[in-house]
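# Notes for the structure review
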Amino acid sequence: MPVRPKAAWLAEAPGSFVTCSYGQTHHQLIGQASEKPLVVCVHGITADGRQFLGLAKELTAAGHQCLLVDLYGRGYSDGVDDKYRYDVGLFTTQLSEVLMHLNSLTDGRSTSAIHIIGTSMGGAVSVRFAQLHPTLVKSLTVACPAGLPWQMPGIAKVVKWPGVGEMLMSMASKSATAKNTAKAYHDHTAEGAKQHWEATVERTERMGKLHPGFGPGFLSTVRNFEMHGLEDAYAEVGNSPLPILLLWGQEDVVVPYATHELALKYFPNATFVSLENCGHVDFFCVPAIQEQFHTAVAAHLAKVNAAASTDSQ
């Protein structure tokens, strides 16, 4: 059976729900459907769809409709039954089902034309989704994506051991969460980063208490998700004509900045934006970096839309 968040947590949900094969999925559909492709945003391992609210505001102002999805076990979406693994196949299936459910609310765009944007683990999900649905996906944007070989922290290896991960999760304190979360920022005390860091720590703490599927989902993802094993998807997508935007923070130590070199070997025709003074998530919260992120994404989508409009004439 799916693992349902507690009522007190669900009461805070700002969006809507659809019933998928492995549980209910919470999503926010922002803006009105238009002739432009639907923008689908896919978050990372401990985040949820709300982290894209700032970007969605910018893109809806430019005429896009945006879909922010909470992946299973995150945000307000159900966790899955423990007989299922949290791997890339689970998440791509979830996205496919949500898009089919929303066909009428997007004037058919959710099943005919989308721009997909993913960060970190969500970047890996987005690459695989683009591989699986080449006619549906009109552009790919990924920031610090997982899925390629890189050196994971030692603790990530330890939690894969049966029983050890569960023990460490049960012992984790708020201060430990705060310390680990701080690593996602270049400087977690900087303007914008400090507020984002504090809110993330508080939200993670509350989700751990109010969403019974969050902790088990996180552990299963660490143990089963293809953080390093999606080279085939990168190669196939990179060899296609799909327009790709790749962004990476120069100070990222979560998915290290040096990994961008391998990503560009698979994506030789991608537009690459190197973000200075940026860690793993600073482009969501540090004003100057956030503006650079939003500008790059908006320009990429506008260019793809313009090319499509020219081709259709």
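Residues numbered from 1 in each chain as written. Predicted model: local features only at pLDDT ≥ 70, side-chain atom pairs only at ≥ 80, totals over all residues. Heavy atoms only, no water.

## Remarks on the nonpolar core
Note the cut-off: The set of buried Ala, Val, Leu, Ile, Met, Phe, Trp, Tyr and Cys residues whose side-chain atoms join them within 4.5 Å is what this entry labels a nonpolar core. Between buried and exposed lies partly exposed: a residue is buried under 20% and exposed over 50% of the maximum accessible area for its type, with that area taken using a 1.4 Å probe on protein chains only. Whether two residues are in contact is decided by their heavy atoms: any pair within 4.5 Å suffices.
In terms of nonpolar packing, the biggest core is built from 82 residues, with Phe-91, Ile-114, Ile-116, Leu-140, Phe-267 and Phe-283 touching the most fellow members. Ignoring any residue separated from it by four or fewer positions in sequence, one finds Ile-116 in contact with Val-40, Val-42, Leu-95, Ser-126, Phe-129, Val-137, Ser-139, Leu-140 and Thr-141. Residues Trp-9, Ala-13, Leu-210 and Phe-214 belong to the second largest nonpolar core, which totals six residues.

## Some words on the packing of aromatic side chains
Working definition: an aromatic ring pair is given by the centre-to-centre distance plus the angle between the planes. For clarity, the cut-off: Aromatic contacts are taken between Phe, Tyr and Trp rings whose centres are within 6.5 Å, Trp giving its six-membered ring; a plane angle under 30 degrees counts as stacked, one over 60 as edge-to-face, and the others as tilted.
Inspection of every chain in the model, using the stated rule, returns 11 aromatic pairs. With centroids separated by 4.8 Å and ring planes inclined at 50 degrees, the aromatic side chains of Phe-283 and Phe-284 adopt a geometry described as tilted. Classification of Phe-283 as buried rests on a relative accessible area of 2%. A relative accessible area of 9% means that Phe-284 is categorised as buried. An aromatic cluster of three or more residues is present, and its members are Phe-52, Phe-283, Phe-284 and Phe-293.

## Thoughts on unusual backbone geometry
Trans peptide bonds make up the majority, and among non-glycine residues the majority have a negative phi. As a reminder of what qualifies: Secondary structure counts use DSSP, requiring at least four H or I residues in a row for a helix and at least two E residues in a row for a strand, with both numbered from the N terminus.
One non-glycine residue with positive phi stands out, namely Ser-120, at about 55 degrees. Phi is positive for Cys-144, close to 40 degrees, though the residue is something other than glycine. Position of Cys-144 among the secondary structure elements: in the loop between strand E6 (137-143) and helix H5 (154-158). What makes Cys-144 buried here is its relative accessible area of 1%.

## So, helix H3 (residues 88-101)
Definition in use: Multiply 1.5 Å by the residue count of a helix minus one, and that product is the helix's expected span.
Here H3 contains 14 residues, and its C-alpha end-to-end distance of 20 Å stays within 8% of the 20 Å for a straight helix at 1.5 Å per residue. When we look at burial in H3, the residues that qualify are Val-88, Leu-90, Phe-91, Thr-92, Gln-94, Leu-95, Ser-96, Glu-97, Val-98 and Leu-99.

## Description of the state of the cysteines
Where two cysteines share a covalent bond between their sulfur atoms, that bond is called a disulfide. Test applied: Sulfur atoms of two cysteines make up a disulfide when they are within 2.5 Å.
In total, this model carries zero disulfides according to the counting rule given. Not part of a disulfide, Cys-20 finds its nearest cysteine sulfur in Cys-41, a span of 17 Å.

## Examining the pattern of salt bridges
Short version of the rule: Whenever a carboxyl oxygen of Asp or Glu lies within 4 Å of a side-chain nitrogen of Lys or Arg, that contact is scored as a salt bridge.
Inspection of the entire model under this criterion finds seven salt bridges. Between Glu-198 and Lys-194 there is a salt bridge; the shortest N-O distance is 2.6 Å. Remark: Lys-194 and Glu-198 occur in helix H8 (residues 193-210); sequence separation between them is four residues, near one turn of the helix. Residue Glu-198 is classed as partly exposed on the basis of its relative accessible area of 39%.

## Some remarks on the packing of H3 against helix H4 (residues 121-132)
The cut-off we apply is this: Lines fitted to C-alpha atoms define the axes, with helix axes restricted to the stretch in contact, and inter-axis angles between N-to-C directions lie between 0 and 180 degrees. Between 65 and 115 degrees an angle is taken as roughly perpendicular, under 35 as roughly parallel, over 145 as roughly antiparallel, and anywhere else as oblique. Each crossing gets its handedness from the near helix: less than a right angle anticlockwise from the far helix is left-handed, clockwise is right-handed. Only Asp, Glu, Lys and Arg are considered charged, only Ala, Val, Leu, Ile, Met, Phe, Trp, Tyr, Cys and Pro nonpolar, and every remaining residue, Gly among them, polar.
At their nearest, the axes of H3 and H4 sit 9 Å apart, and the two run at 65 degrees to each other. When the interaxial angle is binned, H3 and H4 end up roughly perpendicular. When you trace H3 past H4, the crossing you get is right-handed. Residues Val-88, Phe-91, Thr-92, Leu-95, Ser-96 and Leu-99 of H3 pack against Met-121, Ala-124, Val-125, Arg-128, Phe-129 and Leu-132 of H4. Along the lines of polarity and charge, the residues of the contact of H3 with H4 split into nine nonpolar, two polar and one charged.

## What about the pairing of E6?
What counts is decided by this rule: Strands are labelled as partners when DSSP assigns at least two bridges between them.
Across the seven residues that make up E6, a large majority, six, are buried. Note that strand E5 (residues 114-119) and E6 share six bridges and pair parallel. Note on E6: the bridge partner recorded for Gly-118 is Val-142.

## Focus on the sheet that holds strand E2 (residues 23-30)
The strand order across the open sheet built from eight strands is E1-E2-E4-E3-E5-E6-E7-E8, with neighbouring strands paired in mixed fashion. What marks the edges here is a single partner per strand, and that holds for strand E1 (16-20) and strand E8 (271-275). Across the sheet, the mean angle from the axis of one strand to that of its neighbour is 20 degrees, orientation sign disregarded. Where strand E3 (residues 38-42) meets E5, five bridges bridge the pair, whose relative direction is parallel. If you follow Cys-41 over to E5, its bridge partner there is Ile-117. Here H4 sits on the sheet in contact with E3, E5 and E6, set at roughly 145 degrees to E5. Most of the contacts of helix H11 (residues 259-266) go to strand E7 (residues 244-249), to which it runs at about 170 degrees, and overall it touches E7 and E8.

## Details of the pairing of E5
Counted only if it meets this: By definition, the crossover connecting two strands over a helix is right-handed if that path, from the first strand to the second, turns clockwise as seen with the strands pointing away from the viewer.
When you tally the buried positions in E5, you get six out of six residues, the bulk of the element. For the crossover from E5 across H4 to E6, the handedness is right-handed.

Nothing here speaks to function; it is geometry throughout.
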